[in-house]
Amino acid sequence: MSGQRLRETDEAPIGRRVARWRGMTQQMLADRLGKSKSWVDKVERGVPALDRYSVIQEIAEVLRVDPAALLDPRRSVPTAESGLDGVEAVRAALARYHRPPSPTAEAEQVRRHVAHAWLTYQHAHYAQLLRALPALLDAAHGTPALLLPAYRITASVLVKLGEADLAWLAADQAVATANDDPTRAATASIAVAQALRALGRHRLARTAALAAVDTTTDPGVRGTLLVQAGIAAAGADDRHHADDLLGRAAALADRGTPDNDPHHVGFCPTVVLLGRFLAALALGDDAEAVRRHQHAVRTDGWRRLPAEHRAAHLVDAAGAQLATGDLTAAGRALVDADRIAPAEVRCRPVARTLLADIARRDPAAADVARIAALVGLTR
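Residues numbered from 1 in each chain as written. Predicted model: local features only at pLDDT ≥ 70, side-chain atom pairs only at ≥ 80, totals over all residues. Heavy atoms only, no water.

Looking now at the overall build of the chain. Scanning the chain for helices and strands turns up 22 helices and zero strands. The buried share among the 379 residues of the chain stands at 52%. Sequence-distant contacts, at least 24 apart, represent 66% of the contacts inside the chain between residues at least 6 apart. Accessible area for the chain stands at about 17,200 Å²; split by element, carbon and sulfur atoms hold 51% of it. (Helix = DSSP H or I, 4+ residues; strand = E, 2+ residues; numbered from the N terminus. Buried < 20%, exposed > 50% of the residue type's maximum accessible area, 1.4 Å probe, protein only. Contact = heavy atoms within 4.5 Å. Areas by Shrake-Rupley, 256 points an atom, 1.4 Å probe, with all protein chains shown as cover.)

Have a look at this one:
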């Protein structure tokens, strides 16, 4: 059967399903397959079509899934807490372009719901957030000023859960609700850049972020856009521009950031350090990424970051430490992430892949094995 060619279904290309199940960066998948990153990118875009069963088997082995999961468009990515069960409802909510407006009297209630959604996201309660988002999106349509943050929250959680295509749709709709307000449009562009990066469109992500930088005077929004542009430049293997953009972000952060954060960007010097870590990781400088991680987590600003941000970084750090061969440190980072925000490890595809990989390589890591067993990743 190794030479058998398979016909794509009409519902979704196999390459698109590889992207959904990937749970790691394109570079990581490419390295494990002995292929180039550009090959993985082309496969996920369906050029060329993934039509050899032997190749599908090889990819499935690396992703630790049954080949049927890639062949069957009805299969969805599993999560321990059914974290993705609400994705289809969010998809349907995003597709409802025409809704009857909610009464103006409900605006304050919607505002409270949006504020609660931000807190839910920052505490990484993703399953709870997914359940709330459809109703929030419907309600926010009657309060245009609150629709943009509702879309941003939606895009952010969808990126986390590996639904980059849907995150892009939410981010695009966020831009459309900016109503010619430059700062609001710039904050929406943050979500656009994040979604494009998740899709592997790093050059487009850099362009989108940079186009918005000079449209606002808000230092937090400007700095966040520069961080996004710098990470995207690194993802495009552009070391020079990555260093320059992150240097500009650092200069902004060093001038001081206000205590209030009306646009929920969380910009601060530690965020720039974490951006430098991600840039090193994207450029393949794993040892440098680990060094930057160790520096960032010792700063005062680290403890002030939301639980979601700290746990997400620790997952990324685990990947860097695994790449350098330090299984103990990688396992410890995942355990720490699980302690801070369990959904970051138990629901996110990239974290689950790392968890399974570390548990397989280091059976002696009891804490890692315990979490792997809890989420059903042990065989």
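The subject of this paragraph is the packing of helix α7 (residues 107-122) against helix α8 (residues 126-140). In contact at an axis separation of 10 Å, α7 and α8 are set at 155° when each is read in the N-to-C sense. It follows from the interaxial angle that α7 and α8 lie roughly antiparallel. Pair α7 / α8 crosses with left-handed handedness. Residue-level contacts link Val110, His113, Val114, His116, Ala117, Thr120 and Tyr121 of α7 to Tyr126, Gln128, Leu129, Leu136, Ala139 and Ala140 of α8. (Axes fitted to C-alpha atoms, helices over the stretch in contact; angles between N-to-C directions. Parallel < 35°, antiparallel > 145°, perpendicular 65-115°, else oblique. Left-handed = near helix turned anticlockwise from the far one by under 90°.)

Next up on the list: helix α16 (residues 286-296). Those residues of α16 not exposed but buried are Ala289, Val290, His293 and Ala296. With its buried residues spanning 125° around the axis, α16 presents them on a single face. (Arc of directions from axis to C-beta.)

Our next topic: the environment of Gly223. Residue placement: Gly223 occurs in helix α13 (residues 219-235). For Gly223, a relative accessible area of 0% corresponds to the buried category. With 29 residues separating them along the chain, Gly223 and Leu252 place their C-alpha atoms 6.3 Å apart. Not counting residues up to four positions away in its chain, the partners in contact with Gly223 are Ala249, Leu252 and Phe267.

With 17 residues, helix α9 (residues 144-160) extends 25 Å from end C-alpha to end C-alpha; this agrees with the ideal 24 Å at 1.5 Å per step. Where burial is concerned, most of α9 is hidden: 14 out of the 17 residues are buried. Taken from the residues just after α9, Gly162 is the one with a positive phi, measuring 80°. (Expected span 1.5 Å × (residues − 1).)

Time to look at the side chain of Asp238. On the secondary structure map, Asp238 appears in the loop between α13 and α14 (239-254). Since its relative accessible area comes to 19%, Asp238 is described here as buried. Other than its neighbours up to four places away in sequence, Asp238 contacts Arg206, Ala233 and Leu283.

Another aspect to go through is the packing of aromatic side chains. A full pass over the atoms with the stated rule returns one aromatic pair. Considering the side-chain rings of Tyr121 and Tyr126, the 6.0 Å spacing of their centres and the 45° angle between planes classify their relative orientation as tilted. Exposure remark for Tyr121: the relative accessible area of 10% places this residue in the buried category. Classification of Tyr126 as buried rests on a relative accessible area of 1%. (Phe/Tyr/Trp six-rings, centres within 6.5 Å; stacked < 30°, edge-to-face > 60°.)

Now for the confidence of the model for the chain. Should the pLDDT be low somewhere, the predicted coordinates at that spot are not to be read in detail. Considering every residue of the chain, the mean pLDDT works out to 86; 87% of them sit at 70 or more. Across residues 1-11, where pLDDT falls below 50, the model places 20 contacts with residues more than four positions away in sequence or in other chains. Below pLDDT 50 for its whole length, residues 77-83 participates in 20 contacts with residues either more than four positions away or in separate chains. (pLDDT = per-residue confidence, 0-100.)

Our next topic: the pattern of salt bridges. Under the criterion given, the structure shown has 19 salt bridges. Arg32 is the partner of Asp357 in a salt bridge, and the nearest nitrogen-oxygen pair spans 3.0 Å. With Asp357 in helix α21 (residues 349-361) and Arg32 in helix α2 (residues 26-33), the pair connects residues that are 325 residues apart, well separated along the chain. A relative accessible area of 2% means that Asp357 is categorised as buried. Taking the shortest distance from any N to any O, the salt bridge between Glu163 and Arg91 comes out at 3.8 Å. Of this pair, Glu163 sits in the loop between α9 and α10 (164-176) while Arg91 is found in helix α6 (residues 87-94), placing the two residues 72 residues apart along the sequence. Linked through salt bridges whose partners overlap, the residues forming this network are Arg32, Asp357, Arg360 and Arg361. (Salt bridge = Lys/Arg side-chain N within 4 Å of Asp/Glu carboxyl O.)

Now for the nonpolar core. Counting 74 residues, the largest nonpolar core has Leu94, Leu133, Ile153, Val157, Val315, Leu334 and Leu355 as the members making the most contacts within it. Those residues in contact with Ile153, other than ones at most four positions away along the chain, are Val114, Ala117, Trp118, Tyr121, Leu129 and Leu133. Of all hydrophobic cores here, the second largest spans 26 residues; its members include Leu225, Ala229, Ala233 and Phe267. (Core = buried A, V, L, I, M, F, W, Y, C linked by side-chain atoms within 4.5 Å.)

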